[in-house]
Amino acid sequence: MPGVTIAAAYGVGGSIVAPAVAQALGLPLLDRAISVAVAEQLGVSVHEAETAQPSRSLADRFLSLLAPLAGGVLGAGTDAAPPDADVPAGEADAFREQAERVMREAIVSGAVILGRAGAAALRQEPDVLRVRLFGPKQARLAQASHLDQIDMQTAAERMKQVDAAREQYVRRLYRCSADDPALFHLHVDSTALALDACAELIVAAYRSLTASRDQ
């Protein structure tokens, strides 16, 4: 099952690097499950969970908000409960299995997967290159401000929401950190290198990985 997974924190240019890698390799792109809009929605849920609903876990609030997005964002096409519905026991396992099924179907013939905890989900797949894009906080803020044409304050607010949602997603489904070094073959500071150079590095690394498997 060939492919590339790219984990990207806010401001590292994942939405630019991943499509470039997919185009260079001639593979389809499976985009991230957590967009800025989803993260902003989850940011509201964090506040509610910490104030109005202290007895309800943040993980359950997170998963209940992700469930309605399964059809449109994750591409799984399921009937989902309302955003405020309680999460039944075992929902995390079912959600993870559903999300992984979408990814495994994509990589049968090869794919580039952005986000979706792909590195954790596919860590046992020998032909999948697992990549993490990262960068210092201030550099990520500056890059996000430039790429999205927003002010630094807005970028900082989005970073807090997106990074928190991303970490909670991976911890809830895989019980590890989204940035656990052991999950990745390749770590690239995409705030220090040009984004097109980052894409070229990933393409070269993927070709090297698949060539070594063929020997």
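Caption draft 1: Representation of the overall build of the protein in the model. Tallying secondary structure elements over the protein gives eight helices and five strands in all. Along the protein, helices (α) and strands (β) appear in the sequence β-α-β-α-α-α-β-α-β-α-α-β-α when read from the amino end. For the protein, buried positions account for 46% of its 215 residues. Long-range contacts, defined here as pairs at least 24 residues apart, represent 71% of the contacts in the protein between residues at least 6 apart. Carbon and sulfur atoms provide 51% of the accessible area of the protein, an area that totals close to 10300 Å².

Caption draft 2: How the structure looks around the packing of helix α6 (residues 137-148) against helix α7 (residues 152-174). Their axes nearest at 9 Å, the elements α6 and α7 cross at an angle of 115 degrees. If you check the angle between α6 and α7, you find them roughly perpendicular. Helix-helix and strand crossings are classified by hand; for α6 and α7 the assignment is right-handed. Of the residues in α7, those touching α6 at Lys137, Gln138, Arg140, Leu141, Ala142, Ala144, Ser145 and Asp148 are Met152, Ala155, Ala156, Arg158, Met159 and Asp163. In terms of residue class, the contact of α6 with α7 is built from seven nonpolar, two polar and five charged.

Caption draft 3: Quick peek at the sheet that holds strand β5 (residues 186-189). What the five strands build is an open sheet, ordered β2-β3-β1-β4-β5; its pairing is parallel. Either end of the sheet is taken by a strand with one partner, and the two such strands are β2 (29-30) and β5. Judged from the two bridges that link them, β2 and strand β3 (residues 111-114) form a sheet pairing that is parallel. The residue of β3 that forms the bridge with Leu30 is Ile113.

Caption draft 4: Representation of α7 within the structure. Between its first and last C-alpha atoms α7 spans 32 Å; for 23 residues at 1.5 Å apiece the expected length is 33 Å, and the two agree. Along α7, the residues that are buried comprise Ala155, Met159, Val162, Asp163, Ala165, Arg166, Glu167, Gln168, Tyr169, Val170, Leu173 and Tyr174. Taking the backbone nitrogen of Gln153 as reference, a side-chain oxygen 3.1 Å away marks Asp151 as the first, capping residue of α7. Downstream of α7 by a residue or two, Arg175 has a phi angle that is positive, lying close to 55 degrees.

Caption draft 5: Region of interest: empty space enclosed by the protein. Taken as a whole and assessed by the stated rule, the structure comprises one cavity of 30 Å³ or more. Reported here for the largest cavity is a volume of approximately 240 Å³. Lining of the largest cavity is provided by 22 residues; of these, Gly115, Arg116, Ala117, Arg166 and Val170 occupy positions nearest its centre. Of all the elements in the fold, those that place two or more residues in the lining of the largest cavity are β1 (3-8), α5 (118-121) and α7.

Caption draft 6: Up close: the pattern of salt bridges. Under the defined criterion, the tally for this structure stands at five salt bridges. A salt bridge links Arg166 to Asp179; the shortest N-O distance between them is 2.7 Å. Of the two residues, Arg166 is situated in helix α7 and Asp179 in the loop between α7 and β5; the sequence distance between them amounts to 13 residues. For Arg166, a relative accessible area of 12% translates into the label buried. The class for Asp179 is partly exposed, based on a relative accessible area of 26%. Within the structure, one salt-bridge network assembled from shared partners comprises Arg132, Arg166 and Asp179.

Caption draft 7: Region of the structure containing the confidence of the model for the protein. For the protein, mean pLDDT is 79; residues scoring 70 or higher make up 70% of the total. Low confidence marks residues 44-56, where pLDDT is under 50. Its contacts with residues over four positions away, or in another chain, come to 16 contacts. Within the model, the stretch residues 67-89 combines pLDDT values under 50 with 40 contacts to residues more than four positions away or in other chains.

Procedures and definitions
- Residues numbered from 1 in each chain as written.
- Predicted model: local features only at pLDDT ≥ 70, side-chain atom pairs only at ≥ 80, totals over all residues.
- Heavy atoms only, no water.
- Helix = DSSP H or I, 4+ residues; strand = E, 2+ residues; numbered from the N terminus.
- Buried < 20%, exposed > 50% of the residue type's maximum accessible area, 1.4 Å probe, protein only.
- Contact = heavy atoms within 4.5 Å.
- Areas by Shrake-Rupley, 256 points an atom, 1.4 Å probe, with all protein chains shown as cover.
- Axes fitted to C-alpha atoms, helices over the stretch in contact; angles between N-to-C directions.
- Parallel < 35°, antiparallel > 145°, perpendicular 65-115°, else oblique.
- Left-handed = near helix turned anticlockwise from the far one by under 90°.
- Nonpolar A, V, L, I, M, F, W, Y, C, P; charged D, E, K, R; others polar.
- Pairing = 2+ DSSP bridges.
- Expected span 1.5 Å × (residues − 1).
- Polar contact = N/O pair within 3.5 Å; in protein donor to acceptor, adjacent residues only side chain to side chain.
- 1 Å grid on protein atoms, 1.4 Å probe; cavity = no way out; pocket = protein on both sides within 12 Å on 5 of 7 lines; lining within 4 Å.
- Points joined across faces, edges and corners; volume = space filled by probe spheres on them.
- Salt bridge = Lys/Arg side-chain N within 4 Å of Asp/Glu carboxyl O.
- pLDDT = per-residue confidence, 0-100.

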